[in-house]
Amino acid sequence: MQNPLDSKLPHVGTTIFSVMSRLANETGAINLSQGFPSFEPPDALLERFEYYLRHGANQYAPMPGVPALLQAIADKTLRTQGRSLDSATELTVSTGATEGLFSAITALVRPGDEVILLDPAYDAYEPAIDLSGGRAVHVPLAIENDEFVVDWQPVADAISARTRAIVLNFPHNPTGAVIDRDGLETLAGLLRDTAVYVVSDEVYEHIVFDDGRHHSVLSHDELWERSIVISSFGKTFHATGWKVGYAAAPAALTNEFRKVHQFTTFAVNTPAQCALADYVESDPEFYLALSSFYQQKRDLFCKLLEPSRLRLRPSRSTFFQVADYSEISEQADVDVARLWTTEHGVATIPLSVFCETPFSGCRLRFCFAKDDETLARAAAILSEL
Ligand SMILES: Cc1ncc(COP(=O)(O)O)c(C=O)c1O
């Protein structure tokens, strides 16, 4: 071809997660960058997967998902958020949350539409908006006492006749911010007389600390009417490699979601769905215990970092801890993340990559979903800096 390719995503390169993980592998650094756990899924879940591999669950699943898994998700949603979902018309199993987000955004966004993102924003949202001909409008979270919180006034200011949707992500990657009932009420008030949809990425729904609980958009009647809620089993069952997630939305929205889903992936891994269906019903204790499991990790990591010159407020949720390194270096976070990986052997994620306009200050994200020994080794290095 003579002409250079006219890219549809000119600003998109390889994701920072792949870049930092590759650098960590090349240099042998401890990888606290990419958000994957260093633990295995529960034995009983693995056993069910093996069982279904050997018992004929190897052909296409139904497009919306294996009925038993859809029902198990509906039962879990009723238990945890008090929302009764019709498993046939309001739930769809997706190839991880990533495909769910892509299908949701593609189903909603038309050329010229604006979509509000709260920065720092997970990097999967904007490319899907761009490919649909829309435009992301970035509203930064506010920082209060070293903590990221939503300032609703700039969100209100960003809503216009062009706004098609707002993407929420609570519990929040990378900052661990959470939304409470008041936050949901405020958002509902802002959207009341608009035609704005909500795409709510809740993949860390079962990881909230300090006796807090996750307030899902699913629990709010008014917001639910206009929402597509995306979640994933990857984070909940230490199975990020399985790539099984789901989308919950009222029937009319689910219908639009499935129009995209069926041509993006059509159907999701059958034995994994069957295994998850059995497991979600049989062991609710596992996801109920997840918050305390990760809270111990968070507490350990924060304690181990006490001698360091990193400044942090313990994360409220997820398995990420953000820390300010300004007492150690004044360099930009992207440079510091590279340098610490190659020179000191600890890989992290720079916060600025999640933002249109980087926050002032110097912040890195650390993933603490690692065994205690790995966290101790990383903290020992970080404490020397
Ligand atoms: C906020 C957020 N959304 C979505 C995803 C993607 O989830 P999945 O691996 O199920 O596609 C991730 C994974 O890190 C995430 O952190």
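Provided above is the structure to which this section pertains.
Residues numbered from 1 in each chain as written. Predicted model: local features only at pLDDT ≥ 70, side-chain atom pairs only at ≥ 80, totals over all residues. Heavy atoms only, no water.

Peer 1: Can you explain the overall build of the chain? Please cite residues and give values.
Peer 2: Regarding its fold elements, the chain presents 15 helices and 14 strands. The C-alpha atoms of the chain give a radius of gyration of 21 Å, which matches the 21 Å a tight globule of 385 residues would have. Projected onto its principal axes, the C-alpha positions of the chain cover 55 × 55 × 50 Å. Burial status across the chain gives 56% buried among its 385 residues. Carbon and sulfur atoms form 50% of the exposed surface of the chain, whose accessible area is close to 16,700 Å². Treating the 31 positive side-chain charges of the chain as one cloud and the 51 negative ones as another, the clouds have centres 2 Å apart. (Helix = DSSP H or I, 4+ residues; strand = E, 2+ residues; numbered from the N terminus. Rg over C-alpha atoms; globule rule 2.2 N^0.38 Å. Buried < 20%, exposed > 50% of the residue type's maximum accessible area, 1.4 Å probe, protein only. Areas by Shrake-Rupley, 256 points an atom, 1.4 Å probe, with all protein chains shown as cover. Lys, Arg positive; Asp, Glu negative; His and termini not counted. Charge placed at Lys NZ, Arg CZ, Asp CG, Glu CD.)

Peer 1: How would you sum up unusual backbone geometry? Please name residues and give values.
Peer 2: A cis amide bond links D119 to the next residue, P120, at an omega of 0°. In this fold, P120 is placed in the loop between β3 (114-119) and α5 (125-131). In this structure, the amide linkage connecting N173 to the following residue, P174, adopts the cis form with an omega of 15°. With respect to the helices and strands, the residue P174 is situated in the loop between β7 (163-168) and α7 (181-191). Even without a glycine there, the phi angle at N145 is positive, about 50°.

Peer 1: I'd like a rundown of the packing of aromatic side chains, residues and numbers included.
Peer 2: The relative placement of two aromatic rings is captured by the distance of their centres and the angle of their planes. For the coordinates displayed, the defined rule picks out 22 aromatic pairs. Taking 5.1 Å as the distance between ring centres and 90° as the angle between the ring planes, the aromatic pair formed by F148 and F359 counts as edge-to-face. Here F148 is found in strand β6 (residues 147-149), whereas its partner F359 is found in the loop between β13 (349-350) and β14 (363-367), with 211 residues between them in sequence. For the ring pair F301 and F366, a centre distance of 5.9 Å and an interplane angle of 55° mean the geometry is tilted. (Phe/Tyr/Trp six-rings, centres within 6.5 Å; stacked < 30°, edge-to-face > 60°.)

Peer 1: Which residues make up the pattern of salt bridges, and what are the values?
Peer 2: Following the criterion strictly, the structure yields 21 salt bridges and no others. Of the charged contacts, one joins R135 and E114 as a salt bridge, the two residues approaching to 3.0 Å between their closest N and O atoms. Of this pair, R135 sits in strand β4 (residues 135-140) while E114 sits in strand β3; the two residues are 21 residues apart in sequence, bridging distant segments of the chain. When its relative accessible area of 48% is taken as the criterion, R135 is described as partly exposed. We classify E114 as buried; its relative accessible area is 6%. (Salt bridge = Lys/Arg side-chain N within 4 Å of Asp/Glu carboxyl O.)

Peer 1: Now, about the sheet that holds β4: what can you tell me, with residues and values included?
Peer 2: Read from one edge to the other, the open sheet built from seven strands follows the order β2-β10-β9-β8-β7-β3-β4, with strand pairing classed as mixed. The open sheet has two edge strands with one neighbour each: β2 (91-94) and β4. Strand-to-strand twist across the sheet, computed as the mean angle between neighbouring axes with direction ignored, equals 20°. In this structure, β3 lies alongside β4, joined through six bridges in parallel fashion. Residue L117 lies in a different strand from β4, and its bridge partner there is H138. Along the sheet face, helix α3 (residues 67-81) touches β2 and β10 (245-248) and points at about 115° away from the line of β2. Together, β2, β7, β8 (197-201), β9 (227-232) and β10 form the strand contacts of helix α4 (residues 96-108), whose direction differs from that of β9 by roughly 165°. (Pairing = 2+ DSSP bridges. Axes fitted to C-alpha atoms, helices over the stretch in contact; angles between N-to-C directions. Contact = heavy atoms within 4.5 Å.)

Peer 1: Give me helix α13 (residues 290-304): which residues, what numbers.
Peer 2: Compared with the 21 Å implied by 1.5 Å per residue over 15 residues, the 21 Å span of α13 between its first and last C-alpha is a close match. Within the span of α13, buried status applies to L290, S291, Y294, K297, R298, F301 and C302. Along the axis of α13, the buried residues cluster in a sector spanning 125°; they form a single face. For α13, exposure combined with an orientation more than 90 degrees from the buried face picks out Q296 and K303. (Expected span 1.5 Å × (residues − 1). Arc of directions from axis to C-beta.)

Peer 1: I'd like a rundown of the site of the ligand, residues and numbers included.
Peer 2: Neighbouring the ligand are 13 residues; T98, D201, S232, K235 and K243 lie closest to it. Note that an oxygen atom of the ligand is positioned 2.7 Å from one of the side-chain N or O atoms of Y204. When the free accessible area of the ligand is taken as 390 Å², the share hidden by the protein chains comes to 92%. Per element, the largest residue contribution to the shell around the ligand is four residues, and it comes from α4. Taken together, the residues that form the shell around the ligand break down as five nonpolar, five polar and three charged. (Near = heavy atom within 4 Å. Polar contact = N/O pair within 3.5 Å; in protein donor to acceptor, adjacent residues only side chain to side chain. Nonpolar A, V, L, I, M, F, W, Y, C, P; charged D, E, K, R; others polar.)

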